[in-house]
Amino acid sequence: MIEVVNPATEEVVGTVPAGTPRDVDNAVTRASAAFQEWSATPVEERAKLVRRIADELEARAEELATTMTTEMGTPITFARKVQVPNPVGIARGVADALDDGYFAGEEIGNSLVVREPVGVVGAITPWNFPLQQMVAKVVPALAAGSVVVLKPSELAPFTADLLAEVLRAAGVPDGAFSLVHGTGPVVGEALAAHPLVDMVSFTGSTRAGRRVAALAADTVKRVALELGGKSANVVLDDADLARAVKIGVANAFMNNGQACSAWTRLLVPADRHDEALAIAAAAVAKYEPGDPAQATTRLGPAVSAAQRDRVVGYIRRGVEEGATLAQGGPDAPTARGFHVTPTVFGGVTPDMAIAQEEIFGPVLSVMPYADEDDAVRIANSTVYGLGGAVFSADTERALRVAKRLRTGQVDINGAAFNTSAPFGGYRQSGNGREFGRFGLDEFTEVKSIQR
């Protein structure tokens, strides 16, 4: 059995089975047997089922939110406002895409081009947005007529159990969905390598994504990867600096700083660096670590002791590299829980580790740039390309800069997150896209029929 620890109390709150390769094989075999019947289900029926899933998620919103807060430390208010509503929106966006004639086919010359389900999907999901990432894989795969074996993170497994209950209540048939708990090196690797799995959809670290891709290569199965990020918030010289910095801090520290698309690099004009740093430090000072179960808490703990130690190690490294420590530091803010002191560095240069490597914690790097071209160069100077932002009083200028950023998503002037727009990255942030019609694309094959 695998023990699950509440990161705010350091207490064991339950256990889940430690799955084995045999468990994976049994689940994949059931899925393969169920595929023919499920893939033949009319699209209209699948769309109705997806809407029932969304309704069931919404009906159990509070239970899902409190479960995520308990097992991975996301602040309860964030869980209620984001961690549950986003998956509901994702599911409904998938249903809308089905209703819009996604499977109608397209005439190209004398060919009818149709989409068909990819087959058996192995879904491997992370702990930081557990419900969102499960829904972003399981729901479009089922909607496409594919079948799914899910391996959730062992750090946040109870949310997966609740999702399994939701799927059963919505009417997903036996075999079309299976859940196997366990660790990545055992269950995840068995799933990625299994010869009956047609596709693996993985969200997690870039290092683990490379391993998944290598294992999948032996059977030439499709692989979709949503990996790490080091996103830049580019504040142009005509922007409202105070507003841009405040929104940027909120994004960087959302979900306790544990978000792959967080804007962890704040790029500002060199002559306004000190001003921006002071604004950021003042904003971060309000993110006092606390009990994530309390509605007033804005910053909860890291998910585990290992993750806390990793983040603290980066804070120490930033100091060693010569960055200016404007707020926070490596000292533990509380006696209990895996908390990290929210930290802001100034004078960060592109060659520093804290500017290049994903920290995955409440750490913000403020970086000066010389002009617009320099800002774009710095923004594109990492191996990642997942998220980003541009702030400017001139929206057309902001759009021009956004198009120059080598990244999968860019928000202009704090625009709202869209659960039907494609989500995914460039370069070592992965490949493939999730959400809406683009999410369905990942779980289908394209066939040309000449006539």
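Here is what the cut-offs are and how they apply
- Residues numbered from 1 in each chain as written.
- Predicted model: local features only at pLDDT ≥ 70, side-chain atom pairs only at ≥ 80, totals over all residues.
- Heavy atoms only, no water.
- Helix = DSSP H or I, 4+ residues; strand = E, 2+ residues; numbered from the N terminus.
- Rg over C-alpha atoms; globule rule 2.2 N^0.38 Å.
- Buried < 20%, exposed > 50% of the residue type's maximum accessible area, 1.4 Å probe, protein only.
- Contact = heavy atoms within 4.5 Å.
- Areas by Shrake-Rupley, 256 points an atom, 1.4 Å probe, with all protein chains shown as cover.
- UniProt positions renumbered as here; feature names shortened; annotations may be inferred.
- Phe/Tyr/Trp six-rings, centres within 6.5 Å; stacked < 30°, edge-to-face > 60°.
- Pairing = 2+ DSSP bridges.
- Axes fitted to C-alpha atoms, helices over the stretch in contact; angles between N-to-C directions.
- Expected span 1.5 Å × (residues − 1).
- Salt bridge = Lys/Arg side-chain N within 4 Å of Asp/Glu carboxyl O.

A. Expanded view of the overall build of the protein. Helix and strand counts for the protein stand at 16 helices and 18 strands. For a compact globule of 451 residues, the expected C-alpha radius of gyration is about 22 Å, and the protein comes in at 22 Å, within 12% of that figure. In terms of its C-alpha atoms, the protein occupies a principal-axis envelope of roughly 65 × 55 × 40 Å. Every one of the 451 residues in the protein was classed for burial, and the buried ones make up 56%. Of all intrachain contacts in the protein linking residues separated by at least 6 positions in sequence, the fraction that spans at least 24 positions is 73%. Summing over all exposed atoms, the protein offers an accessible surface of approximately 17700 Å²; the carbon and sulfur share of this is 50%.

B. Broad picture of the UniProt feature "domain: Aldehyde dehydrogenase" (unreviewed entry) in the protein. Following the UniProt record, the feature "domain: Aldehyde dehydrogenase" (unreviewed entry) maps to residues 2-449 here. Within residues 2-449, the helical portion is 42% and the strand portion 18%, while the C-alpha atoms at the span's ends are 49 Å from each other.

C. Structural context of the packing of aromatic side chains. Here the structure, examined in full by the defined rule, presents eight aromatic pairs. Between tryptophan 263 and phenylalanine 391, the ring centres sit 6.2 Å apart and the planes meet at 80°, which makes this aromatic pair edge-to-face. Separated by 128 residues along the polypeptide, tryptophan 263 in the loop between helix 10 (241-252) and strand 11 (265-269) and phenylalanine 391 in strand 15 (residues 388-391) bring together distant segments of the chain. Neither tryptophan 263 nor phenylalanine 391 differs from the other in exposure class; each is buried. On the numbers, 5.4 Å between centres and 25° between planes, the contact of phenylalanine 423 with phenylalanine 435 is stacked.

D. Quick peek at the sheet that holds strand 7 (residues 177-179). As summarised here, the arrangement of the six strands in space is 7-6-5-8-9-17, forming an open sheet in which the pairing is mixed. Edge positions in the sheet fall to strand 7 and strand 17 (430-431), since each has one partner strand and no second. The pairing of strand 6 (residues 147-151) with strand 7 spans three bridges and is classified as parallel. Residue pairing for strand 7: leucine 150 is matched across the bridge by leucine 179. Contacting strand 6 and strand 7, helix 7 (residues 158-170) crosses the sheet at an angle of about 155° to strand 7. Against the sheet, helix 9 (residues 206-217) engages strand 5 (120-124), strand 8 (199-203) and strand 9 (222-226), with an angle of about 180° to strand 9.

E. Focus on helix 9. Across its twelve residues, helix 9 extends 16 Å between first and last C-alpha, which sits within 8% of the 16 Å expected from 1.5 Å per residue. Turning to helix 9, its buried residues number three or more, namely Thr206, Ala208, Gly209, Val212, Leu215 and Ala216. Each element contacted by the buried residues of helix 9 is listed here: strand 5, helix 8 (184-193), strand 8 and strand 9.

F. Spotlight on the pattern of salt bridges. This model, assessed by the stated rule, comprises 25 salt bridges. In this structure, the salt-bridge partner of arginine 397 is aspartate 238, at a minimum N-O distance of 3.3 Å. Here aspartate 238 lies in the loop between strand 10 (232-235) and helix 10 and arginine 397 lies in helix 15 (residues 395-404), a separation of 159 residues in the sequence. Note on arginine 397: relative accessible area 14%, which makes it buried. Across the pair aspartate 309 and arginine 308 runs a salt bridge whose closest N-O atoms are separated by 3.1 Å.

G. Broad picture of the environment of valine 24. Note that valine 24 resides in helix 1 (residues 21-39). Beyond its immediate chain neighbours, meaning those up to four positions away, valine 24 contacts Val180, Val187, Ala190 and Leu191.

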